[in-house]
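What follows is each chain in one-letter form.
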Amino acid sequence: MLFHYAREHFLEGLNFVYRLSANIVFTDKGGQFAAYRKLPFQKWDYFFDLSAGFSWRMQIELQAPPPEPRWPAGVELRPFDKASHDRLVWQADAQAFSDHFGYTPGTFENWQLRVSGRDKDGTLWFIAWDGDQVAGYSLCRYRGGIGFVGALGVVRPWRRRGLGMALLQRSFGEFYRRGMPTIGLGVDSQNSTGATRLYERAGMHIASEFVLYEKELRLGRNLADGH
Ligand SMILES: CC(C)(COP(=O)(O)OP(=O)(O)OC[C@H]1O[C@@H](n2cnc3c(N)ncnc32)[C@H](O)[C@@H]1OP(=O)(O)O)[C@@H](O)C(=O)NCCC(=O)NCCS
């Protein structure tokens, strides 16, 4: 009814609205997961054309230091030096995340503004090197009062050798050492490279789930058409 009214009365006049999104968040507190998973979602599906996906906030509350990381042969951690490493980390990040759902290539300058300009504490950036190549990285910071793994990636040739786990454990260990036992991160629940399995193996659990529903109100217009 609302969509019908909206479509009839004002949407045609607007150039920028063509999708209505609802991002619904559930947490694991008070049995919310169990309750909402029983909801008749067909009712939502009636209103929304597509459920665009689930993403998770995963978390760990460490009671003791995590296991010491075991680095794959030939791979070592070196202190992050912004001036000489920034571009190489960006390249590794772009390569690792080119496999990720929704990835769009961006420029180094944009990445610097969005990522390396924001994460002020370079001692929370863990960069794994194989010779002069970045094999993997874990870019951490504090967020929302807890430790946060903002980006974790392993470049394809170094995958499935335990580097992802080692980087995660190194990150957990550093937060624990600094007196911060709660660490979180965000992940697409359908992550095609098995990240959710990695996080569960490392002891993380789902703290909240985001469900994105979308309704296409009308087709998008190509702005280049001048309409
Ligand atoms: C997710 C990601 C970081 C994992 O990195 P990784 O270094 O391959 O991780 P690990 O090697 O620790 O574990 C991956 C798998 O290899 C297996 N493995 C680990 N060591 C191994 C070894 N020596 N021999 C064989 N298999 C091994 C693990 O058991 C795990 O198996 P599973 O996927 O069946 O559960 C990496 O795939 C990636 O960068 N993906 C793209 C970016 C991304 O999605 N990041 C996370 C977003 S939140």
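Residues numbered from 1 in each chain as written. Predicted model: local features only at pLDDT ≥ 70, side-chain atom pairs only at ≥ 80, totals over all residues.

Describing the overall build of the protein
- When its secondary structure is counted, the protein shows seven helices and eight strands.
- Among the 227 residues that make up the protein, the fraction classed as buried is 21%.
- Considering only contacts in the protein between residues 6 or more positions apart, those separated by 24 or more positions represent 76%. (Helix = DSSP H or I, 4+ residues; strand = E, 2+ residues; numbered from the N terminus. Buried ≥ 20, exposed ≤ 12 C-beta atoms within 10 Å, placed from the backbone. Contact = placed C-beta atoms within 7 Å.)

Overview of the site of the ligand
- Every one of the 21 residues lining the ligand counts as a neighbour, but Arg 159, Gly 164, Met 165, Thr 193 and Gly 194 are closest to it.
- Secondary-structure elements contributing two or more residues to the shell around the ligand are helix 4 (82–97), strand 6 (146–154), helix 6 (163–177) and helix 7 (195–201).
- Of the residues that constitute the shell around the ligand, the class distribution is nine nonpolar, seven polar and five charged. (Near = placed C-beta within 6 Å. Nonpolar A, V, L, I, M, F, W, Y, C, P; charged D, E, K, R; others polar.)

Considering the pairing of strand 7 (residues 182–188)
- Where strand 6 meets strand 7, two bridges bridge the pair, whose relative direction is parallel. Opposite Gly 147, over in strand 7, you have Ile 183 as the bridge partner.
- In this view, the connection linking strand 6 to its parallel neighbour strand 7 by way of helix 6 has right-handed handedness. (Pairing = 2+ DSSP bridges. Right-handed = clockwise from strand over helix to strand, strands pointing away.)

A closer look at unusual backbone geometry
- For Arg 160, which is not glycine, the phi dihedral falls at a positive 60°.
- Relative to the assigned elements, Arg 160 resides in the loop between strand 6 and helix 6.

Describing the nonpolar core
- Among the nonpolar cores identified, the biggest contains 36 residues, and Ile 127, Ala 135, Tyr 137 and Leu 163 are the most heavily contacted of them.
- Taken together, the elements giving at least two residues each to this core come down to strand 2 (50–61), helix 4, strand 4 (125–130), strand 5 (133–143), strand 6, helix 6, strand 7 and helix 7.
- The leading source of residues in this core is helix 6, at six residues.
- Among all residues touching Tyr 137, those that are not within four sequence positions of it are Val 89, Ala 92, Asp 93, Trp 125, Phe 126, Ile 127, Ala 128 and Gly 153. (Core = buried A, V, L, I, M, F, W, Y, C linked by C-beta atoms within 7 Å.)

A few points about the pairing of strand 4
- For strand 3 (residues 76–78) and strand 4, the ladder comprises three bridges, and the chain directions are antiparallel. Across the sheet, the residue bridging to Glu 76 is Trp 129, located in strand 4.
- Here strand 4 pairs with strand 5 via six bridges, running antiparallel. Opposite Asp 130, over in strand 5, you have Gln 133 as the bridge partner.
- Adjacent in sequence and paired antiparallel, strand 4 and strand 5 are bridged by two residues, among which Gly 131 carries a positive phi angle near 60°.

So, the environment of Ala 151
- Position of Ala 151 among the secondary structure elements: in strand 6.
- Overall, Ala 151 belongs to the partly exposed group, with 18 C-beta atoms counted inside 10 Å.
- In this structure the C-alpha to C-alpha distance between Ala 151 and Val 115, which are 36 residues apart in sequence, comes to 9.3 Å.
- Other than its neighbours up to four places away in sequence, Ala 151 contacts Asp 93 and Leu 139.

Quick notes on the packing of helix 4 against helix 5 (residues 108–116)
- Remark: helix 4 packs on helix 5, axes separated minimally by 10 Å, with the N-to-C direction vectors making an angle of 110°. When the axes of helix 4 and helix 5 are compared, the pair comes out roughly perpendicular. Contacts between helix 4 and helix 5 pair Lys 82, Asp 86, Arg 87 and Trp 90 from the former with Phe 108, Trp 111, Gln 112 and Ser 116 from the latter.
- The residue makeup of the contact of helix 4 with helix 5, split by class, is three nonpolar, two polar and three charged. (Axes fitted to C-alpha atoms, helices over the stretch in contact; angles between N-to-C directions. Parallel < 35°, antiparallel > 145°, perpendicular 65-115°, else oblique.)

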